[in-house]
Amino acid sequence: MKYLLIIGILFSSLSLFAQQRINFNEHWKFKLDDQTGADKTNYNDKDWRNLNLPHDWSIEGEYNENHPMGDKCGYLPAGIGWYRKTIQVPKEWKGQSVHITFDGVFMNSTVWANGRKLGNRPYGWITFEYDISKEVDENDEITFAVRVDNDLQPSARWYTGSGIYANTWIDVKSKLHVPMSGIFIKTEQDEVTITTEIQNDFAKTQKGNLVTSIVDANGKEVAVADSKFVIDGNGHQEITQKVKITNPHLWSINSPYLYKAITKISSKKTKENYSTNFGVRDVEWKPGEGLFINGVETKMQGVCNHQDAGALGAAVPDKILRFRIQQLKDMGVNAIRTSHNPQTPQFYDMCDEMGMLVMDEIFDGWHKKAPNDYGAHFFEEWWNRDLTDWIKRDRNHPSIIIYSVGNETKGEEAAKALVERCHELDNTRPVTSGHSGSDHMDIFGVNGHSERKGFFDHLSNDRVFVGTENTHTWQVRGYYRTKTWYRDGYPCVRHQPYEYPDLTDEEVFTYDWTTSANKSSYKQIFNSSYDNAMVRLTSRQNIEQLRDIPNYAGSFRWTGHDYIGEAGFVHGGWPFKAFMGGAIDMANFEKDLFYLYQSQWTNKPMIHILPHWTHPTLEKGIEIPVWVYSNCDEVELFLNGASLGKQKPGKSWDKMQCEWLVGYQEGELKAVGYKDGKAILNEVIRTADAPAKIKLSVDGEGIANTLEDIVQVRIASTDKKGEFYPYGENRSFFNVVGAGRIKALDNGSPIDVEKHYEATDRIAFYGLTRAYVESTDADGDINLYVGSILGEKRLITSNQVNIDVEQITLRGKASNGKISIYYTTDGSTPTTSSKEYKQAFDIELGTTVKALVLLDNKELLRMQEEFAADAGFEWKTVMAAANPGGDQAEDASFDGVTISNEGANFNGKGFIDYGRNEGGYVEFYQENDGSEGEYTLKLRYSAAKRDIKEHTLTLDVNGEKQVIALPSCDNYRKEWREFEVKVQLGMGANTIRLTALNVNGFCLDEMKAI
């Protein structure tokens, strides 16, 4: 199968007489909850909040275990929100074709203009527009109202955000114009084919010229086409033109060269110009051989990513979005799958410019996968409209080389229709899916099932293969375990995982986020950064398979960045709020895994050591596996100046890291990388003492001289010498002086459920905190002050406390005021009469230190920190990796039954007591990221011997029902039995409901699918 294409994008600024694209983000009003009559022009909105778009109201809220978003969407508030905006109509708009355009509203949006309902769009990830020419012509003022209904939850299986999270525009054109997404450019070799739609909204026939000029990156015209047209009144016409570019510059990952197509429409009444970026490149998919771009074999070294960016939610500023794409590029990633929905238009523009391939995906399920998602309520009615708008919007991007239409979902008829429609709209790209309707797909895409041992032994070469969601490994930044861990245990017949040995016979590390007694689920664990926590195979083995198997065209790991939501199925739910599969955390801090990929997927010399070398509770001499990731020829490791020998990074998965077992002693580890026998770079890590200072720095670009620009500040915990302290968890306090504000705070923690939006303080997570600072004016100085009361929370090796306040200038001139600090240790509120801080001081466990910070005798910060035996991380909680239990019944959905903990020997927090309630039920959500087929359900239960020997229930799995009979137990609520039954599970989301038929004293503890 061969696809040759040239791609383009409609520029965001269009310029010529009467033709404008106006950013419409400023000066909206917003109010949460439903508002009666807010669609009317005369509605009083004076008490509404003023804000600029994009906006996500969910991320502004508090995390709460009881919020209906639940574990799937990250425990944030949802609901209904309203937006309103009133504008004066410029005279030059009169008589024109005027539209209001939304690049993304989640979800169920309805839009009014002067009380007239323009329409509604249920789908939350699509660009749409409404014609407001009537309102423009008939009024001098227009009031827009937008109702966003994200009330029914969960509305997806991951965090979605709520509100108008993307840009809005007013498009003003002549009545003779190119409609939205009305230009399609494709090529074969050096021939460019441009299809242009022209809409005539005049009542009379219009004659004119369509001229398309091709311009190179230097502004030089390299080809031109000229066509005449005659279009009837209120008519529509498509005109196809062909030109040739002599020796075109080819778009590629390493050289993302872009041309422009300048489209000119002229007639007696119209002169309009449109600018469309595009790139020239050949894309060829060869069964048995893989993917070729411009004749060069190319492996898609990919990641899957959702829309949100941690503390910033779904309304991601362009600067942060670009930073994250570049971060992935620096990691060696060359492809992103937009799982499981399209992203905002600027994402694709950036990928075009930066040379990032895209698998553009539109749907998660073609039926219900979350109780109130698009598949449950809107797919059948809306899929064709949404897919059409999606493909027409995106089909000109050179970065997009493949479409995906579904993810772990079912429906042969749907699959066939979706693929056919994609081909009708764009015959230049193949279509795939995440293991959905595979027989109908051009490219065979498989999710987790492709990780199974032996999968590639039976892979057919009739189509090119892509690992659409492969591989699944988990890791928490800064956390280590030497014992191998599998999500579902080893061996697991269901997953057929590869076997990996433990790194050490006994677990080396002892610290953890809490004790076992404080975990509500066996799943609530942090995962190791050694690349030894997985479902079926490690990241290293996946890298090897992708590299060495010819027909394996691409692999998209789950995920590039951590994301909010999906916190229950894998991670056990509250207080876990996020999914930890990324190589980079939610706060944009790189994990060790980032450097593994960099060592395998990039050529610029690099070197990285793990783990850190600060282990205050380990005995001297305990052997620690020290890994070094590098793409150098050789690596030499030194401990306190003594060489531990050289190693060569290998090609096989188990040799990709250089590994030394090093007896622990405090001091310095140094790794030196060699090329052609010469030392070319090194990395040094040292043992840190107790935390005593903080260090501020900026990641990415600084703040520009514009309003609402953003910068990300890194706050690192260090000791007195400035060495990074990797267990830092002291709270930092923030104050912006000048023309800026704290937009949000984060730290990358999957369990920190403090509010992000406009917060003033946040704990560190393994030594790091993130502050997003936003400018409140286009100019003016911006200085950030950060303070912290620093020490080991449990006084493990030191009972000393330091207070540090640091300042960083983010724009303009530095602030040079005098800092004064006063503190107390008795719990009282500090004043200027309290003890002034001059040097470190000693405390005892149980002490709360409070501090007042003054800048030029004016209050700057108020801080406090508690030091106690139960504060912060646990330090001695060594546990072997337990065989996983089942899903707890008390955490499932239920009705007509009750939660109880009266009894003994049950797992989790309790169990479900059915009593004798016929019709009472428990419903489990079971995610199956493997293949559909027969599985065994294990039900852990206890049943009383009262008047029945067997208790009967209806077992309903995805609508397939059977009656099961479970024998009574001798010791009710103390004896727990296991009942096994065979069921058919599909890929992706499954619902398993157990409904009482004839029970009298029946209790369900947990369910497990194997």
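Nothing here was measured: the structure is a model prediction, and the numbers come from that model.

Q: Break down the state of the cysteines for me, citing the residues and quoting the values.
A: Applying the stated criterion to the full structure yields zero disulfides. You can see C73 has no disulfide; the closest cysteine sulfur is in C304, sitting 18 Å from it. Of the cysteine sulfurs around C422, a residue in no disulfide, the closest is that of C304, at 18 Å. Look at C422 and you get buried, because its relative accessible area is 0%.

Q: For the side chain of K523, give the residues involved together with the corresponding values.
A: Secondary-structure assignment places K523 in the loop between β29 (485-486) and β30 (533-534). Taking the relative accessible area as the measure of exposure, K523 reaches 13% and is therefore buried. For K523, the side chain forms a polar contact with the main-chain oxygen of F569, separated by 2.7 Å. Other than its neighbours up to four places away in sequence, K523 contacts G568, F569, V570, H571, G572 and D887.

Q: Which residues make up unusual backbone geometry, and what values do they have?
A: The step from S339 to H340 runs through a cis peptide bond, and the omega angle for that step is -15°. Here H340 lies in the loop between β23 (335-338) and α4 (345-354). With an omega of 20°, the peptide bond running from N470 to T471 counts as cis. With respect to the helices and strands, T471 occurs in the loop between β28 (465-467) and β29. A positive phi angle, close to 80°, is found at D33, a residue other than glycine. Within the secondary structure, D33 sits in the loop between β3 (28-32) and β4 (49-51). Non-glycine residue Y766 carries a positive phi angle of around 45°. Turning to its location among the elements, Y766 is positioned in the loop between β45 (761-763) and β46 (768-775). By relative accessible area, which is 2% here, Y766 ends up buried.

Q: With reference to specific residues and values, describe the packing of aromatic side chains.
A: Geometrically, a pair of aromatic rings is defined through the distance of the ring centres and the angle of the planes. All chains considered together, the criterion is met by 63 aromatic pairs. Here F509 and Y511 contribute two aromatic rings whose centre-to-centre distance is 6.3 Å and whose plane-to-plane angle is 65°, an arrangement assigned as edge-to-face. The burial state of F509 is the same as that of Y511; both residues are buried. In this structure, R395 is placed above the aromatic ring of F184, and the distance from its NZ or CZ to the ring centre is 4.2 Å. Geometry around Y511 places R481 over its ring, the cationic atom sitting 5.9 Å from the centre.

Q: Got a sec to walk through helix α8 (residues 539-548)? Specific residues and values, please.
A: For α8, a buried count of eight out of 10 residues is recorded, marking the element as mostly surrounded by other parts of the structure. On the buried face of α8, the contacting elements are β22 (300-305), β31 (552-558), α9 (592-601) and β35 (623-630).

Q: How would you sum up the sheet that holds strand β37 (residues 642-647)? Please name residues and give values.
A: Ordered by their spatial adjacency, four strands build an open sheet running β37-β36-β39-β40, and the pairing between neighbours is antiparallel. With partners counted over all chains shown, the strands left at the sheet margins are β37 and β40 (678-686), one partner each. Across the sheet, the axes of successive neighbouring strands diverge by a mean angle of 20°, strand direction being ignored. Note that strand β39 (residues 668-675) and β40 share eight bridges and pair antiparallel. The residue bridging E668 from the neighbouring strand is R686, located in β40.

Q: If you had to explain the environment of D842 to someone new, which residues and values would you point to?
A: Looking at the element boundaries, D842 is found in strand β51 (residues 841-842). For D842 and N799, which are 43 residues apart along the polypeptide, the C-alpha to C-alpha distance reads 5.4 Å. Those residues in contact with D842 that lie beyond four places of it in its chain are N799 and Q800.

Q: Could you give an account of the nonpolar core, naming the residues involved and the relevant values?
A: The biggest cluster of nonpolar side chains holds 168 residues, and the ones touching the most others in it are Y83, F144, W285, F363 and L387. By residue number, the principal contributor to this core is helix α6 (residues 379-394), which donates six residues. Sequence-distant contacts of F144, that is, excluding residues within four places in its chain, are made with F24, W28, Y83, R84, K85, I87, I100, W112, A113, I132 and I170. Formed by 30 residues, the second largest nonpolar core is a distinct cluster that contains I912, V922, A943 and L994.

Q: I'd love a proper account of the sheet that holds strand β42 (residues 710-718), names of residues and values included.
A: Overall, antiparallel pairing links the four strands, which are arranged β41-β42-β46-β44 in an open sheet. The sheet is open, and its two borders are formed by β41 (693-699) and β44 (740-746), each paired with just one other strand. Pairwise comparison of adjacent strand axes, ignoring direction, gives a mean angle of 30° for this sheet. Of the strands in this sheet, β41, β42 and β46 touch helix α3 (residues 318-331), which is tilted by about 60° from β42.

Q: Lay out the confidence of the model for the chain with the relevant residues and their values.
A: Model confidence for the chain is summarised by a mean pLDDT of 95, while 97% of its residues fall at 70 or above. Counting interchain partners and residues more than four positions distant, the pLDDT-below-50 stretch residues 1-18 has 82 contacts.

Q: Explain the packing of α6 against helix α7 (residues 412-425) residue by residue, including any values.
A: Two elements in contact, α6 and α7, have axes separated by 10 Å at closest approach and are oriented at 30°. On the basis of their axis angle, the class for α6 and α7 is roughly parallel. Where α6 crosses over α7, the handedness of that crossing is right-handed. Where α6 abuts α7, its residues F379, W383, N384, L387, T388, W390, I391 and K392 lie against A414, A417, L418, R421, C422 and L425. For the contact of α6 with α7, the class distribution of residues is 10 nonpolar, two polar and two charged.

Q: So what's going on with the pairing of strand β8 (residues 116-121)? Which residues, and what values?
A: Both strand β7 (residues 109-113) and β8 contribute to a ladder of five bridges, which runs antiparallel. Directly across from S109, in β8, lies its bridge partner R121. A loop of two residues connects β7 with β8, the two strands running antiparallel in sequence, and N114 in this loop sits at a positive phi of about 50°.

Q: Could you give an account of α7, naming the residues involved and the relevant values?
A: For α7, spanning 14 residues, the distance from its first C-alpha to its last is 20 Å, which sits close to the expected 20 Å at 1.5 Å a residue. Where α7 is concerned, the buried positions are A415, L418, V419, C422 and L425. On an axial view of α7, the arc spanned by its buried residues comes to 130°, and they lie on one face. Relative to its buried face, α7 has exposed residues pointing more than 90 degrees away, namely E413 and E424. Tucked into the core, α7 has its buried residues touching β13 (183-188), α6, β25 (400-407) and β26 (431-434).

Q: Which residues make up a negative patch on the surface, and what values go with them?
A: Taken together, E412, E413, D439 and E932 make up a surface patch of like negative charges. Structurally, D439 can be placed in the loop between β26 and β27 (444-446). Residue class for D439 comes out exposed when judged on its relative accessible area of 70%.

Q: Quick rundown of the pairing of strand β11 (residues 168-173)? Include the residues and the values.
A: Where burial is concerned, most of β11 is hidden: six out of the six residues are buried. Here β11 shows no split at all, with T168, I170 and V172 on one side and W169, D171 and K173 on the other all buried. Inspection of the sheet shows strand β2 (residues 20-23) paired to β11 by four bridges, in the antiparallel sense. The residue of β11 that forms the bridge with R21 is D171. Bridge count for strand β6 (residues 97-102) against β11 is six bridges, and the pairing is antiparallel. For I100, the partnering residue across the bridge sits in β11 and is I170.

Q: Go over the pattern of salt bridges, please, and point to the residues and values.
A: Under the criterion given, the structure shown has 63 salt bridges. Note that E980 is salt-bridged to K938, the shortest N-O span being 3.7 Å. Here E980, found in strand β62 (residues 977-985), pairs with K938, found in strand β59 (residues 933-943); they are 42 residues apart in sequence, far enough to count as distant. Taking relative accessible area as the criterion, K938 reaches 22% and is therefore assigned partly exposed.

Q: An account of the environment of F873 is needed here, citing residue identities and associated values.
A: Tracing the backbone shows F873 in the loop between β53 (858-867) and β54 (887-888). For F873, a relative accessible area of 7% corresponds to the buried category. The spatial distance from the C-alpha of F873 to the C-alpha of E729 is 8.3 Å, given a sequence separation of 144 residues. With near-sequence residues (within four places) excluded, F873 lies in contact with D512, W513, Y727, E729, Y766 and R794.

Q: For the packing of α8 against α9, give the residues involved together with the corresponding values.
A: Interaxial distance between α8 and α9 falls to 11 Å at its minimum, and their mutual angle equals 20°. Comparing their axes, α9 and α8 come out roughly parallel. Once α8 is placed against α9, the crossing between them reads as right-handed. Where α8 approaches α9, its residues S539, R540, I543 and L546 are matched on the opposing element by L593, L596, Y597, Q600 and W601. The class makeup of the residues in the contact of α8 with α9 is six nonpolar, two polar and one charged.

Analysis parameters
- Residues numbered from 1 in each chain as written.
- Predicted model: local features only at pLDDT ≥ 70, side-chain atom pairs only at ≥ 80, totals over all residues.
- Heavy atoms only, no water.
- Disulfide = S-S within 2.5 Å.
- Buried < 20%, exposed > 50% of the residue type's maximum accessible area, 1.4 Å probe, protein only.
- Helix = DSSP H or I, 4+ residues; strand = E, 2+ residues; numbered from the N terminus.
- Polar contact = N/O pair within 3.5 Å; in protein donor to acceptor, adjacent residues only side chain to side chain.
- Contact = heavy atoms within 4.5 Å.
- Phe/Tyr/Trp six-rings, centres within 6.5 Å; stacked < 30°, edge-to-face > 60°.
- Lys NZ or Arg CZ within 6 Å of the ring centre and 35° of its normal.
- Pairing = 2+ DSSP bridges.
- Axes fitted to C-alpha atoms, helices over the stretch in contact; angles between N-to-C directions.
- Core = buried A, V, L, I, M, F, W, Y, C linked by side-chain atoms within 4.5 Å.
- pLDDT = per-residue confidence, 0-100.
- Parallel < 35°, antiparallel > 145°, perpendicular 65-115°, else oblique.
- Left-handed = near helix turned anticlockwise from the far one by under 90°.
- Nonpolar A, V, L, I, M, F, W, Y, C, P; charged D, E, K, R; others polar.
- Expected span 1.5 Å × (residues − 1).
- Arc of directions from axis to C-beta.
- Patch = residues over 30% accessible without salt bridge, like charges linked within 9 Å, V, L, I, M, F, W, Y side chains within 5 Å.
- Areas by Shrake-Rupley, 256 points an atom, 1.4 Å probe, with all protein chains shown as cover.
- Salt bridge = Lys/Arg side-chain N within 4 Å of Asp/Glu carboxyl O.
- Lys, Arg positive; Asp, Glu negative; His and termini not counted.
- Charge placed at Lys NZ, Arg CZ, Asp CG, Glu CD.

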